[in-house]
Amino acid sequence: MTDIVQELVERTYEFGFHSDIDTELAPRGLNEDVVRLISAKKDEPEWLLEWRLAAYRHWTTLEPPAWQNVHHPPIDFQDMHYWAAPKPKGPAPASLDEVDPEIRATFDKLGISLAEQERLSGVAVDAIIDSVSVATTFKATLAEAGVIFCSFSEAVREHPELVRRYLGSVVPPRDNFYAALNSAVFSDGSFCFVPAGVRCPMELSTYFRMNAAETGQFERTLIVAEEGATVSYLEGCTAPMRDENQLHAAVVEIVALDDSDVKYSTVQNWYPGDENGVGGIFNFVTKRGRCGHRAKISWTQVETGSAITWKYPSVILQGDDSVGEFYSVAVTTGRQQADTGTKMIHIGKNSRSTIVSKGISAGRAQQTYRGLVKVLRSATGARNHTQCDSLLIGSECGAHTFPYIEVKNDSAQVEHEASTSKISDDQLFYCRQRGLGEEDATSMIVNGFCREVFDELPMEYAVEAHALMRLSLEGAVG
Amino acid sequence: MTVAADDVMTEEAVHARTWLCEHGLPTGREEDWRYTPVTEVRRHLDALPEAPPRQREVTRDDIDRLAGQHGPVRIVHVDGVHVPALSTDALPTGLWFGTTHNLSARVRLQLTTPAGDPPDGFEALNRSASQDVLYLLVADDADLREPVHVVHVSTGASVSHPRLVVDVGVGGRIHLVESHVSLDGGGFTNASTTVRLSARSHADVHRVQEQATDAVHVGRLELHHDAGAHASVTALSRGGAISRLTTVALLREPEASCTVTALLAPGIGARHDDAVTVDHLASRCTSDLTVRSVVPERARVTSSGHAIVRPDTVATVAHQRTDSLVLHPTGQADSRPWLEIFADDVRANHGSATGRLDDDALFYLRSRGIPRAEARDVLVGAFARTLVERIDPPSLRDQIAGWFGPEGTA
Amino acid sequence: MLRIRDLHASIDGKEILTGLDLDLPAGEVHAVMGPNGAGKSTLSNVLAGRDGYEVRGTATLDGTDLLALEAEDRATAGLFLAFQYPMELPGVGNAYFLRTSLNAIRRAHGLDEVSATDFLSVAREHLTALDMDPAFLSRSVNEGFSGGEKKRNEILQMSMLQPRLAILDETDSGLDIDALRIVARGIERLRGPDRSMLVITHYPRLLELVRPDRIHVLDGGRIVRSGGPELANELEADGYVGVTDRIPA
């Protein structure tokens, strides 16, 4: 197994190219002027500037959280840029055809050529490079159904009343250090609104990618599903290779009104740093949704990237009979660190939640599942089932499971099961006896281990997840 | 709080006092103490006098009534002071007993916990303030199957710091029953027991906390395992308005093992916090933790299990299982079953379930004519029984079964 | 076909096989019998290439040195082991597993891979021939299978992979009579001039259904006696102690 671990540690990042797009940078550091600059660049209304400034002022009173089970040198928040926009090489593109060819090429390398997407896949993509949404496809089809899917900036311009009503309603600007920072400086992101009774006619997808050096990326995603609406939202992330660490502190808010159904899937493959732990993304993200009566929010994530991941997609089960789900596969190799999990807050009667977390740790990586299941006194008949399994590959990695279960209602039923083990030698031998090489055998066993989660992904992402998993574990065997 | 005078203080006590002055008692912001109502504990501590105003006479009958009689050897500690008159004179071969006052400095030094800094403020307070530490030594290969019963009595509204150190020689064996009881209410007990297990030794520890319903109890049980040593711990907690028990097993050498069983049955409105850490520091160590709690009206029970598997160890097995039965809508149950694993050759798992009595079972019993309250007792007894049945000696088993009504052992 | 000479195997310094010789010609079915602890499972593990044993001696399959090969290369060379305790592979589909295995073996022989559709139709034929439920294919490998289902799944795999040499390690243990018949039928179907089988068993029961060409008695890590099928009756009557006692000094 030692050779395997060695190879695993030495795997290189496939998406580590760097696009040569002119970018416009804000001066280094953060102060009220930078916040005003960002707001002005985006031509924002006064209320939003005030909202940002309030968040900024609160942020200055906070210390970065230290409770996570991750280690990194302190981040100098005054030594990075808070704004980076691709400089338009002329007037803004009126259609896809006018998008900067370099940007288009970037997407092509990512395998998500916009033109291809538009023609073939039937997936609407809101592509984001660094902070500005450059093109949105399928707007017309969506508009017919009454679905709004656009960049956050556009939403601020075109639908200010919706943004104002829901922004910060699930993740308040004061929620935590990084949420406050994001609220102050968020540059762009996606906005999605599905009106009452509408089933969104296609999967919605955003592809995030970080390009400029030393820029933090702070996108803001807001998804609103009105009564009885249904939407499935996909988010994919990659970033180029760089020696410095880049900070990504995003906020995703989901408002699921009564009887709505929101599915949010993430495949995250950001640059994890090199074998010595140099470079890589710091991925500190706040994701949370709130369910109305009979509403359902389902988070599915496949996380293979980033130097450090820190995120807990959560559901506030406010409505009666509401449902929250969290399906997660996290793979850490090399010197990656991940502290991830979920919170399920049961408030409504008969609210139900399911947590399935599969962690794979290899090389010298450290991975932590951290989860909270909280049943408040009002949540009569609440149910939770949690399954949390960790697989270790190699003797130098770690897998940690830190659940918190707090039950304040006697009628609740809360169950938690967890296990940690290495890939069994017996399973490997069984596969090898059937002619499979060690690498194929490991990959097969790991994919089987994750199957419950992959089954939750939309089809096109499930394929990608399998491939990513294989890539992550490449050289892990054989 | 006052601290024992320097002339009777061991080096350990002096060090602990210095540490305590620097670090103070824990706060609820510390992860290990987030579920303990530390503020209330400290308030209670500050309000009480350190020494009892006047030690009320404790009789043999009091001990029998409060703690029971669980073996031929009984050692009684009243408000942290050894009382020879209430204790057994004759000790079996292979068992040696002493206290701070009759131990030479050299022996005391040998028995002093090797660790430097106290792990937390309450332990530091205990080390610095305990006036009369009890020492039990089991000779190499001595096989003490008859229980040794140590009874700590709190006489009333004062603070006591009972401290017990048990050292089991190579291949030795002891069965220890430790009872914490109250003569009168309102006291604060800050207890600490350390059991050092030499190679291939075996300790069976039953720790019973049955103090007054308005008492505050903070306890620590620490086990140090050498190679091949095994400890079986059964913690039985019922008393106290607030009760916090920290159990730490340090499996320091290969093939050490421990099983920890806890049964938590607080009274109405009480807070019980049970925290068990098993640290697998060497290879081929195994641990098994089972906790059951019964949570009545307005009570809150927290059960934390923390299994740590250190780097470069192999063939570790670590199991945890926590079940909480909430009896009333105002009861609360928390659990925190943690695994922290730094080596791959490990089989670790934990399971936890929280719920109330099974309505169908309750209905079934009632349909057979059993009144609701009684049916409830039967089911609660059944929930506790799997753990109660394993209690030894039988006299103690019967005593604990009595917590769950007459059906407890049925 | 299979030729074993002076095979020794130890685990953790303890010698289990102590100089074993065995010849299994093409087209024959041999049984290896022996008491518990005789080294039966060690023999099958060592031949199949399980890690953890210290091995010396020789074992060749059609002249190929088996001991020099990795486990998967022995499989592609035509060696199949029906496990005594088939592993559960949670989340790995049975059909997917078997097709991956089949294609790995075909690739090694320079053959084209079998498509999912072709695979399924072939698999269905085998299932029918073995009187097995097609639902087998859509379940995870051995997960939640009963003991009998696991053994039948091994026979199905053997039947599809068409090995040169099949080693059946106590495939009959823990089976009821119906499952035993299916296993026996699977073995009989595979009997052929180009294939050899080594049936390792503790009980003579299976040998009533599968008539071996020869029987070897394994004890103390080597073959202590060999004979025709009638040896099974002797074992039935006298037990291992009786049979091994009569070995001439």
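Residues numbered from 1 in each chain as written. Chains lettered and ligands numbered in written order. Predicted model: local features only at pLDDT ≥ 70, side-chain atom pairs only at ≥ 80, totals over all residues. Heavy atoms only, no water.

S.K.: Kindly report on the sheet that holds strand E9 (residues 165–169) of chain C, identifying the contributing residues and their values.
M.R.: Residues and elements named next belong to chain C. Strand order in the open sheet formed by 6 strands is E6-E9-E10-E3-E11-E12, with mixed pairing between adjacent strands. Pairing within the sheet leaves two strands with one partner each, and these edge strands are strand E6 (79–82) and strand E12 (222–227). In this sheet, adjacent strand axes meet at a mean angle of 20° when their direction is disregarded. Across the sheet, helix H1 (residues 40–48) lies against strand E3 (29–33), E6, E9, strand E10 (196–201) and strand E11 (214–219), angled at about 145° from E6, the strand it touches most. (Pairing = 2+ DSSP bridges. Helix = DSSP H or I, 4+ residues; strand = E, 2+ residues; numbered from the N terminus. Axes fitted to C-alpha atoms, helices over the stretch in contact; angles between N-to-C directions. Contact = heavy atoms within 4.5 Å.)

S.K.: Run through the sheet that holds strand E5 (residues 64–65) of chain C, naming residues and quoting values.
M.R.: Residue and element names in this part refer to chain C. Read from one edge to the other, the open sheet built from 4 strands follows the order E2-E1-E4-E5, with strand pairing classed as antiparallel. Lying at the two open borders of the sheet, with one neighbouring strand each, are strand E2 (14–24) and E5. Pairing between strand E1 (residues 2–11) and strand E4 (residues 54–61): 7 bridges, direction antiparallel. Residue His8 lies in a different strand from E4, and its bridge partner there is Arg56. On top of the sheet, H1 reaches E1, E2 and E4; it is set at about 110° to E1, its chief contact.

S.K.: Break down the environment of His149 of chain B for me, with residues and values.
M.R.: Residue and element names in this part refer to chain B. Its location among the elements puts His149 in strand E5 (residues 143–154). A sequence separation of 192 residues divides His149 from Ile341, and the C-alpha atoms of the two residues are 37 Å apart. With sequence-adjacent residues up to four places away left out, His149 is seen in contact with Ala67, Gly68, Gln69, His70, Val73, Arg74, Ile75, Val177 and Ser179.

S.K.: I'd like to hear about the interface of chain A and chain B, residue by residue, with values.
M.R.: Each partner contributes residues to the interface: chain A has 31 residues there, and chain B has 35 residues. Between chain A and chain B, a total of about 2,700 Å² is buried, with carbon and sulfur atoms accounting for 46% of that surface. The largest per-residue losses of area from chain A upon contact with chain B belong to Tyr404, Ile405 and Asp410 of chain A, which jointly make up 23% of the total buried on that side. On inspection of chain A and its partner chain B, the count reaches 2 salt bridges. We note a salt bridge from Glu417 of chain A to Arg321 of chain B, for which the minimum N-O separation is 3.6 Å. Broken down by secondary-structure element, the contributors of at least two residues to the side of chain A that touches chain B are strand E22 (398–407) and strand E23 (413–422) of chain A. In terms of residue class, the side of chain A that touches chain B is built from 11 nonpolar, 13 polar and 7 charged. Judged from the 7 bridges that link them, E23 of chain A and strand E20 (residues 346–355) of chain B form a sheet pairing that is antiparallel. Looking across to E20 of chain B, one finds that Ala418 of chain A is bridged to His350 of chain B. (Buried area = accessible area lost by both parts, 1.4 Å probe. Salt bridge = Lys/Arg side-chain N within 4 Å of Asp/Glu carboxyl O. Nonpolar A, V, L, I, M, F, W, Y, C, P; charged D, E, K, R; others polar.)

S.K.: Summarise the packing of helix H3 (residues 94–108) of chain C against helix H5 (residues 147–161) of chain C; cite the residues concerned and give the values.
M.R.: Helix packing geometry: the angle between the two helix axes and the distance between the axes. All names here are of chain C. Contact geometry for H3 and H5: axes closest at 10 Å, N-to-C directions at 35°. Where H3 crosses over H5, the handedness of that crossing is right-handed. Here Asn94, Phe97, Leu98, Ser101, Leu102 and Ile105 of H3 come into contact with H5, specifically with Asn153, Leu156, Gln157, Met160 and Leu161. Residue composition of the contact of H3 with H5, grouped by class: 7 nonpolar, 4 polar and no charged. (Left-handed = near helix turned anticlockwise from the far one by under 90°.)

S.K.: Could you give me a rundown of the interface of chain C and chain A, with the residues and numbers involved?
M.R.: Opposite the 36 residues of chain C that make contact, chain A presents 19 residues. Both sides of the chain C and chain A interface together cover about 2,100 Å² of buried area, and 61% of this is carbon and sulfur. Seen at the junction of chain C and chain A, the total is 5 salt bridges. Ionic pairing is found between Arg50 of chain C and Asp426 of chain A, a salt bridge with its closest N-O pair at 2.2 Å.

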